[in-house]
Amino acid sequence: MNSMASTARDARVAVITGAGSGIGRSVALTLAEVGWSVALAGRRAQALEVTAALVGRGPEVLCVPTDVTAPEEVAALFAAVRERYGRVDLLFNNAGTSGPAGVRFEDLTYEGWRKVVDVNLTGAFLCAQAAFRAMKEQTPQGGRIINNGSISAHVPRPNSAPYTATKHAMTGLTKSLSLDGRAYGIACGQIDIGNAATEMTARMRTGILQANGELAAEPVMDAGDVARTVRHMAELPLEANVQFVTVMATGMPYIGRG
């Protein structure tokens, strides 16, 4: 084994889903800057390559195009990571979709509902299960899973039933993983994010439907602010865990509703 590969195997290893843009890309850059090896997963191979180029290519970066809704692709992702690095220290379970915009609940199609559930909930389960198995089997045993929740894990926006339901479910998944992983040194926490500036939230700045029926622009924060919080969670010793944390744009209309 060459010295560069040895260095990669000695480093802490993070698997990041949804790594081709937005928060996933920002987390990958932030962790790589402090020495983590990063495995980048997402559906768009070209977008992953852009993230990898920003990180800097080498044995510390691995791109694995992955559809998280496909069990065989998730299995292949974690097999590739273990083959390359020998272990998994962190999963940032970040892949997600907001679903059809502006569709009233009564007009939501089964297909529209199912797509969001498949990505946000089933995809998170598949990735968490694969990471859990790896962390249980490896030596030294253990690792950390950080789930990307949302402000929508607390309160809904109008016309957001699929997204809101999956993010509430993510909270249950996080709690279950925390309990079931306890015996194996596997910690699990959740970061609930409000209005980070990404492609998914571009409409926040031009006007988004409010609970009173009005359209209003909302403040956003830099995705790097989220990434630094993920880094803090990731770098705690496994004896400590941030169970839940909310990071949001200070001026967003969340606190004070009701």
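Residues numbered from 1 in each chain as written. Predicted model: local features only at pLDDT ≥ 70, side-chain atom pairs only at ≥ 80, totals over all residues. Heavy atoms only, no water.

(A) Geometry of the environment of Lys 167. By secondary structure assignment, the location of Lys 167 is in helix H6 (residues 161-181). Once the C-alpha coordinates of Lys 167 and Gly 96 are considered, the two residues, 71 residues apart in sequence, prove to be 9.9 Å apart. (Helix = DSSP H or I, 4+ residues; strand = E, 2+ residues; numbered from the N terminus.)

(B) Inspection of helix H5 (residues 110-137) at higher detail. Taking 1.5 Å as the rise per residue, H5 with 28 residues should run 40 Å; its terminal C-alpha atoms sit 38 Å apart, in good agreement. Asp 118 marks the point of greatest bend in H5, at about 35 degrees. (Expected span 1.5 Å × (residues − 1). Bend = angle between axes of the 7 residues up to and from the residue.)

(C) Structural view of helix H3 (residues 45-55). If you check which residues of H3 are buried, you get Ala 47, Leu 48, Thr 51 and Ala 52. Each buried residue of H3 lies within a common arc of 140 degrees when the element is viewed along its axis, so the set occupies one face. Facing away from the buried side of H3 by more than 90 degrees, the exposed set consists of Gln 46 and Ala 53. The elements touched by buried residues of H3 are helix H2 (22-33), strand E2 (37-42) and strand E3 (61-65). Positive backbone phi, at 110 degrees, marks Gly 56, one or two positions downstream of H3. (Buried < 20%, exposed > 50% of the residue type's maximum accessible area, 1.4 Å probe, protein only. Arc of directions from axis to C-beta. Contact = heavy atoms within 4.5 Å.)

(D) Main features of unusual backbone geometry. In this structure, the amide linkage connecting Thr 139 to the following residue, Pro 140, adopts the cis form with an omega of -5 degrees. For Pro 140, the position within the fold is in the loop between H5 and strand E5 (143-148). Residues other than glycine seldom take positive phi values, yet Asn 159 does so here, at roughly 60 degrees. Looking at Asn 159, the relative accessible area reads 33%, which means it is partly exposed. Positive phi outside glycine occurs at Asn 195, with the angle close to 65 degrees.

(E) Main features of the pattern of salt bridges. Applying the stated rule across the entire model yields 8 salt bridges. Taking the shortest distance from any N to any O, the salt bridge between Glu 137 and Arg 82 comes out at 3.0 Å. Of this pair, Glu 137 sits in helix H5 while Arg 82 is found in helix H4 (residues 71-85), placing the two residues 55 residues apart along the sequence. The shortest N-O distance in the salt bridge between Asp 89 and Arg 87 comes to 2.8 Å. Residue class for Asp 89 comes out buried when judged on its relative accessible area of 17%. Given a relative accessible area of 13%, Arg 87 falls into the buried group. (Salt bridge = Lys/Arg side-chain N within 4 Å of Asp/Glu carboxyl O.)

(F) Structural context of the side chain of Ser 152. For Ser 152, the position within the fold is in the loop between E5 and H6. Here Ser 152 is in contact with Tyr 163, Thr 164, Lys 167 and His 168, once residues within four sequence places are set aside.

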